[in-house]
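Given next are the chains, with one letter for each unit.
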Amino acid sequence: MPPNQDDGREDRTDGRRWIDLHLHSTASDGAFAPAKLMQLARQRGLSAAALTDHDTVAGLPEAAEAAEQCGLEFVPGIELAAEHARGTLHILAYFIDPQSAGLSRMLESIVRERELRNRRIVERLGELGITVDYNEIAERSGSGSIGRPHIAGALIRAGAARDMHDAFARYLGDDQPACVERALPSAETIIATIRDAGGAASLAHPSQLGCESSLELETLLRRLIDAGLDALEVRHPDHTARQTESFESLTRRFDLAKTGGSDFHALGPRHFRGVGFGRVRVPYDWLKEIRARRHENRG
Ligand code: AMP
Ligand code: ZN
Ligand code: FE
Ligand code: FE
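In this text the structure is predicted, and so the values were computed from the model without any measurement.

Asks: If you had to explain the overall build of the chain to someone new, which residues and values would you point to?
Replies: Looking only at helices and strands, one finds ten helices and eight strands in the chain. Compactness check: the chain gives a C-alpha radius of gyration of 19 Å against a globular reference of 19 Å for 299 residues, within 12% of the reference. Here the C-alpha coordinates of the chain stretch approximately 55 × 45 × 40 Å along the principal axes. By residue count, 52% of the 299 residues in the chain fall in the buried class. Working note: accessible area of the chain is about 13,900 Å², and carbon and sulfur atoms make up 46% of it. Averaging the positions of the 38 positive and the 45 negative side-chain charges in the chain gives two centres separated by 3 Å.

Asks: Mind laying out the coordination of the iron ion (ligand 3), listing which residues take part and the relevant values?
Replies: Coordination of the iron ion (ligand 3) by the protein comes from Glu79 (OE), His90 (ND1) and His205 (NE2), over a distance range of 2.0 to 2.2 Å. The metal-metal distance between the iron ion (ligand 3) and the iron ion (ligand 4) comes to 3.4 Å, with Glu79 coordinating both. With Glu79 in strand β3 (residues 73–82) and His90 in strand β4 (residues 89–94), the pair connects residues that are eleven residues apart, well separated along the chain. Note on Glu79: relative accessible area 2%, which makes it buried.

Asks: Break down the site of ligand 1 for me, citing the residues and quoting the values.
Replies: Asp29, Arg114, Arg117, Gly147 and Arg148 are the nearest of the twelve residues found near ligand 1. With respect to ligand 1, the side chain of His54 contributes an N or O atom lying 3.1 Å from an oxygen atom. At a separation of 2.8 Å, an oxygen atom of ligand 1 approaches a polar side-chain atom of Arg117. Of all the secondary-structure elements, those providing two or more residues to the shell around ligand 1 are α3 (101–127), α5 (148–157) and α6 (164–172).

Asks: A description of the sheet that holds β4 should follow, citing residues and the corresponding values.
Replies: One open sheet accounts for eight strands, arranged β7-β6-β5-β4-β3-β2-β1-β8; its pairing is mixed. Single-partner strands in this sheet number two, and they are β7 (257–260) and β8 (282–283). When strand β6 (residues 231–235) meets β7, the two strands line up parallel, connected through four bridges. Opposite Glu233, over in β7, you have Thr259 as the bridge partner. Seen against the sheet, helix α1 (residues 34–43) touches β2 (48–51) and β3 and runs at an angle of roughly 155° to β2.

Asks: Account for the layout of surface pockets, with residues named and values stated.
Replies: Its boundaries defined by the atoms lining it, the second largest pocket holds a volume of some 250 Å³. Taken together, 13 residues make up the lining of the second largest pocket; nearest its centre are Cys211, Ser213, Ser214, Leu217 and Phe247. Secondary structure elements with two or more residues in the lining of the second largest pocket: α8 (214–226) and α9 (241–253). Here the lining of the second largest pocket gets four residues from one element, more than from any other, and that element is α9.

Asks: Can you break down the confidence of the model for the chain residue by residue, with the values?
Replies: Detailed reading of the predicted model is not advised wherever pLDDT is low. Here the chain averages 91 in pLDDT, and 91% of its residues register 70 or above. Segment residues 1–10: pLDDT under 50, and twelve contacts once partners within four positions in sequence are set aside and those in other chains are kept.

Asks: Please give an account of the nonpolar core that cites residues and values.
Replies: Where a protein is soluble and globular, its nonpolar side chains tend to be buried together. Ranked by size, the top nonpolar core spans 67 residues in total, and within it Met38, Ile96, Leu287 and Ile290 carry the most contacts. In this structure, Leu287 is in contact with Ile19, Leu21, Ala48, Glu73, Val75 and Phe95, ignoring residues within four places of it in sequence. One finds Leu125, Ala167, Ala178 and Val180 within the second-largest nonpolar core, a separate group that totals 19 residues.

Asks: Mind laying out the packing of aromatic side chains, listing which residues take part and the relevant values?
Replies: Applying the stated criterion to the full structure yields one aromatic pair. Each ring, one from Phe32 and one from Phe264, has its centre 6.0 Å from the other, and the planes form 15°; the classification is stacked. Of this pair, Phe32 sits in the loop between β1 (18–20) and α1 while Phe264 sits in the loop between β7 and β8; the two residues are 232 residues apart in sequence, bridging distant segments of the chain. For Arg281, the ring lying beneath its charged end belongs to Trp18, and the centroid distance is 4.9 Å.

Asks: Got a sec to walk through the environment of Ser249? Specific residues and values, please.
Replies: Looking at where Ser249 falls in the secondary structure, it is placed in helix α9. With relative accessibility at 33%, the residue Ser249 sits in the partly exposed group. In the structure, Ser249 is positioned 15 residues away from Val234 in sequence and 9.4 Å away in space, judged by C-alpha atoms. A distance of 3.1 Å separates a polar side-chain atom of Ser249 from the backbone oxygen of Ser246.

Reading the values: rules and limits
- Residues numbered from 1 in each chain as written.
- Chains lettered and ligands numbered in written order.
- Predicted model: local features only at pLDDT ≥ 70, side-chain atom pairs only at ≥ 80, totals over all residues.
- Heavy atoms only, no water.
- Helix = DSSP H or I, 4+ residues; strand = E, 2+ residues; numbered from the N terminus.
- Rg over C-alpha atoms; globule rule 2.2 N^0.38 Å.
- Buried < 20%, exposed > 50% of the residue type's maximum accessible area, 1.4 Å probe, protein only.
- Areas by Shrake-Rupley, 256 points an atom, 1.4 Å probe, with all protein chains shown as cover.
- Lys, Arg positive; Asp, Glu negative; His and termini not counted.
- Charge placed at Lys NZ, Arg CZ, Asp CG, Glu CD.
- Donors = N, O, S within 2.8 Å, 3.2 Å for Na, K, Ca; no water.
- Near = heavy atom within 4 Å.
- Polar contact = N/O pair within 3.5 Å; in protein donor to acceptor, adjacent residues only side chain to side chain.
- Pairing = 2+ DSSP bridges.
- Contact = heavy atoms within 4.5 Å.
- Axes fitted to C-alpha atoms, helices over the stretch in contact; angles between N-to-C directions.
- 1 Å grid on protein atoms, 1.4 Å probe; cavity = no way out; pocket = protein on both sides within 12 Å on 5 of 7 lines; lining within 4 Å.
- Points joined across faces, edges and corners; volume = space filled by probe spheres on them.
- pLDDT = per-residue confidence, 0-100.
- Core = buried A, V, L, I, M, F, W, Y, C linked by side-chain atoms within 4.5 Å.
- Phe/Tyr/Trp six-rings, centres within 6.5 Å; stacked < 30°, edge-to-face > 60°.
- Lys NZ or Arg CZ within 6 Å of the ring centre and 35° of its normal.

Right under this line is the structure:
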């Protein structure tokens, strides 16, 4: 097996220190509890890991404690979706203070919008003749952020979809009959909120932005840098080698820090993006870069 493939062995460090700055837990739509995820990361030889759940900081205390116990350096994080004409604009935040009042207010409003959107999806499904119980979905999802993957789970349990992929392909995916948009904050608002919470902001998986030219990407980047963007996610499993190279050169041109990670959600053929997590490898030095971009915490 080539060295860059995940063969399930522990500790693939090659004597170097590696990190992962993009991980999801059960606090959003990942399969592993925050503590378990940190233990996995440590077992696989990582030196530092960030928990970056969608729209929630609920998993951070548990992850921080578990990381400390197993000797893993922990970075508190979050991943937030911003309004964007097409494609996906996600912003990763690192070193945020989870108690920040501004961040809490923004997350409350995101949760309200999610709740409205989720209930409308369930109504749509009802119109399509599929009954799922939203209260049960909410209960099963635990304390954090409830999203389409949780509704997909209910569709699978109801026998209306074979698996996650099928649920998105037939009902929940963008442009499918039960897809309902939710109102999202602007990238500018998200970046300002991250900075006020003492964090640093990185533009996640730029390959998913839907930019049709390098000029379009650069124009968007300039807009976000004006708003205070600190970094670009250079390494991500969706990026081709060419994209990775071109994103890295953009960080030099625009004086941005580099971040990277596996975007790990779960083990399995589609969602397994490898711990340490696989073919995306991020050197420890990148953590120093992003740490140096933290802002003053304004509470
Ligand atoms: P939400 O934030 O509730 O709109 O749900 C978005 C999440 O659904 C993403 O973060 C992915 O984890 C998951 N997702 C989106 N599209 C698909 C897909 N086609 N197949 C499986 N999961 C998906
Ligand atoms: Zn996700
Ligand atoms: Fe994302
Ligand atoms: Fe993610």
